[in-house]
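Next come the chains, spelled out residue by residue.
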Amino acid sequence: KQEVTQIPAALSVPEGENLVLNCSFTDSAIYNLQWFRQDPGKGLTSLLLIQSSQREQTSGRLNASLDKSSGRSTLYIAASQPGDSATYLCAVRPAGFQKLVFGTGTRLLVSP
Amino acid sequence: DAGVTQSPTHLIKTRGQHVTLRCSPISGHKSVSWYQQVLGQGPQFIFQYYEKEERGRGNFPDRFSARQFPNYSSELNVNALLLGDSALYLCASSLLPGVGSYEQYFGPGTRLTVT
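Residues numbered from 1 in each chain as written. Chains lettered and ligands numbered in written order. Predicted model: local features only at pLDDT ≥ 70, side-chain atom pairs only at ≥ 80, totals over all residues. Heavy atoms only, no water.

Trainee: What is the right way to read the interface of chain A and chain B from this model?
Mentor: When the parts of a complex come together, some accessible area is lost, and that lost area is often taken as the interface size. Counting from both sides, the interface comprises 20 residues of chain A and, opposite them, 23 residues of chain B. Carbon and sulfur atoms supply 53% of the area buried between chain A and chain B, which totals about 1700 Å² over both sides. For chain A, the biggest contributors to the area lost against chain B are Leu44, Gln98 and Phe102 of chain A; these three give 30% of the whole. At the surface where chain A touches chain B, the tally comes to 0 salt bridges. Seen at the junction of chain A and chain B, the total is 5 residue pairs in polar contact (both at pLDDT 80 or more). (Contact = heavy atoms within 4.5 Å. Buried area = accessible area lost by both parts, 1.4 Å probe. Salt bridge = Lys/Arg side-chain N within 4 Å of Asp/Glu carboxyl O. Polar contact = N/O pair within 3.5 Å; in protein donor to acceptor, adjacent residues only side chain to side chain.)

Trainee: For this particular structure, what's the right way to read the sheet that holds strand β7 (residues 64-68) of chain B?
Mentor: Backbone-to-backbone hydrogen bonds join strands into a sheet, with any given pair of strands oriented parallel or antiparallel. Residue and element names in this part refer to chain B. Strand order across the open sheet formed by 4 strands is β1-β3-β8-β7, with antiparallel pairing between neighbours. The open sheet has two edge strands with one neighbour each: β1 (5-7) and β7. Sheet twist, expressed as the mean angle between neighbouring strand axes with direction ignored, is 15 degrees. In terms of strand pairing, β7 meets strand β8 (residues 74-78) through 5 bridges, oriented antiparallel. Residue pairing across strands places Ser65 opposite Asn77, the latter belonging to β8. (Pairing = 2+ DSSP bridges. Helix = DSSP H or I, 4+ residues; strand = E, 2+ residues; numbered from the N terminus. Axes fitted to C-alpha atoms, helices over the stretch in contact; angles between N-to-C directions.)

In structure tokens, the structure reads:
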């Protein structure tokens, strides 16, 4: 059974810092990994999708890496801003399944 | 283009009642999935539908059912509501299911409160 873990559960940083969010999964047989952002009480916004054959994806100040063999992904946020404050969720699509398996998220607070 | 839309936004029901939640996918998307997110947890997969057929089902009781219509919109039905069904219900759409890469796009969710 695929399990996804995100560390840390919460993170508080001052504006301008670079930061790394971690995601680990127990089964390396995945089609892809997706990072999402969720604002309080809202839906999910897709940030980055990494195919199983890829090592990383970049979008603006965000960079996500994937090491499938070790079951790890990181989301790097450069020059953090107060508007980045949200919960960040990692999800994998297990091979052979029509679903995403989510971690419990990292709640990020960026202070001005 | 409009994103994934869901209705209603909020809903309050009493234990034992029935509820229907609705979802319209992004134009051109043919696959719809439903997830339940309890406060403080990540979303849990309930169903996936493609071309009006169920293609995947999560570990939820038979009180949960869904269907997809010819226009690819979908309904999630929950019977005999329990307090534990209180959650944010999320709908996601994608172009196609199946092997390989596909990105899922989520709607704003329906907040269900069972009292």
